Amino acid sequence: MSDADRRIVRPVPGGPVMVQGPVRIEMPDGTVVESDRFMVAICACRRSKDYPLCDTSHRRRCRVNGTGTSADDSAQRTA
């Protein structure tokens, strides 16, 4: 295998696995997911609604005021 044929894979701590695309993902049930993007985020937490692709569901969301933002964030936006 030449260096040109190798793909770069970067696990992101607490996030997805970034894979140099395009990719073809073969799931255990036989379904196939393809992406032609130059870099593909593959979900590692299994929270994604678009699994196996990442939809940023791994990010922590603060539910302080019921809107998905903290009270401090809301105060900064209105100031």
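Residues numbered from 1 in each chain as written. Predicted model: local features only at pLDDT ≥ 70, side-chain atom pairs only at ≥ 80, totals over all residues. Heavy atoms only, no water.

A count of helical and extended segments in the chain gives one helix and five strands. Listing every helix and strand of the chain by position from the N terminus yields β-β-β-β-β-α. In the chain, buried positions account for 24% of the 79 residues. Once local pairs closer than 6 in sequence are excluded, the contacts in the chain between residues at least 24 apart make up 18%. For the chain, the computed accessible surface area is about 6,300 Å², with 50% contributed by carbon and sulfur atoms. (Helix = DSSP H or I, 4+ residues; strand = E, 2+ residues; numbered from the N terminus. Buried < 20%, exposed > 50% of the residue type's maximum accessible area, 1.4 Å probe, protein only. Contact = heavy atoms within 4.5 Å. Areas by Shrake-Rupley, 256 points an atom, 1.4 Å probe, with all protein chains shown as cover.)

Turning our eyes to something else, we now look at the environment of Arg59. Along the chain, Arg59 falls in the loop between β5 (39-42) and α1 (71-78). When the C-alpha positions of Arg59 and Gly15 are compared, they lie 7.6 Å apart, and in sequence the two are 44 residues distant.

Keep in mind that these numbers describe shape and distance, not what the molecule does.
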